[in-house]
Amino acid sequence: QVQLVESGGGLVQAGGSLRLSCAASGLTFSSTVMGWFRQARGKEREFVTAISWNGITTYYADSVKGRFTISRDTAKSTVYLQMNSLKPEDTAAYYCAAGFNPRTVVTGAVQYWGQGTQVTVSS
């Protein structure tokens, strides 16, 4: 079966950095759109970023553009999220996602989800 396993979350001070990883198995990684969503306490899950199956095209929410960078390693079937200049409002559970249309970003249409990793940014 398909598994998406996130790692790298933790507690960091405002202005700091974290790098999240998502290891995928059970799917054709090289043919699958990958990305990240996040969900803060009391809010709906929201789109953060995505990367095309070939790694050529990336997409970012306005709130993270210029601070976050998504990348993928086909040999390792792993997608990464480099988060710089973190702000307290970035605090959320971050979820790896696979199999969705990055141009429409319909949360309910995401094919696979990871279990999430918590990112907490203190001021």
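See the structure printed just above.
Given the structure is predicted, the values throughout are model-derived calculations rather than measurements. (Residues numbered from 1 in each chain as written. Predicted model: local features only at pLDDT ≥ 70, side-chain atom pairs only at ≥ 80, totals over all residues. Heavy atoms only, no water.)

Caption draft 1: Quick peek at the nonpolar core. With 33 residues, the main nonpolar core has Met34, Trp36, Phe68, Val79, Met83, Tyr94 and Phe100 as its most contacted residues. Listed by contribution, the elements that provide at least two residues to this core are β3 (18-25), β4 (34-39), β5 (46-51), β7 (68-73), β8 (78-83), β9 (92-98) and β11 (117-122). Ranked by residues supplied to this core, first place goes to β9 with five residues. When neighbours within four sequence positions are excluded, Phe100 is seen to be in contact with Val33, Met34, Gly35, Phe37, Phe47, Ala50 and Val110. (Core = buried A, V, L, I, M, F, W, Y, C linked by side-chain atoms within 4.5 Å. Buried < 20%, exposed > 50% of the residue type's maximum accessible area, 1.4 Å probe, protein only. Helix = DSSP H or I, 4+ residues; strand = E, 2+ residues; numbered from the N terminus. Contact = heavy atoms within 4.5 Å.)

Caption draft 2: The state of the cysteines, seen in detail. Following the criterion strictly, the structure yields one disulfide and no others. Paired by a disulfide, Cys22 and Cys96 hold their sulfur atoms 2.0 Å apart. Because the sign of the S-S torsion sets the handedness, a value of about -85° for the bond joining Cys22 and Cys96 places this disulfide among the left-handed ones. Here Cys22, found in strand β3, pairs with Cys96, found in strand β9; they are 74 residues apart in sequence, far enough to count as distant. (Disulfide = S-S within 2.5 Å.)

Caption draft 3: Representation of the side chain of Glu6. If you trace the backbone, Glu6 turns up in strand β1 (residues 3-7). A polar atom in the side chain of Glu6 sits 3.1 Å from the backbone nitrogen of Gln115. A polar side-chain atom of Glu6 sits 3.1 Å from the main-chain amide nitrogen of Gly116. In contact with Glu6, not counting residues within four places along its chain, are Ser21, Cys22, Trp36, Tyr94, Tyr95, Cys96, Gly114, Gln115, Gly116 and Thr117. (Polar contact = N/O pair within 3.5 Å; in protein donor to acceptor, adjacent residues only side chain to side chain.)

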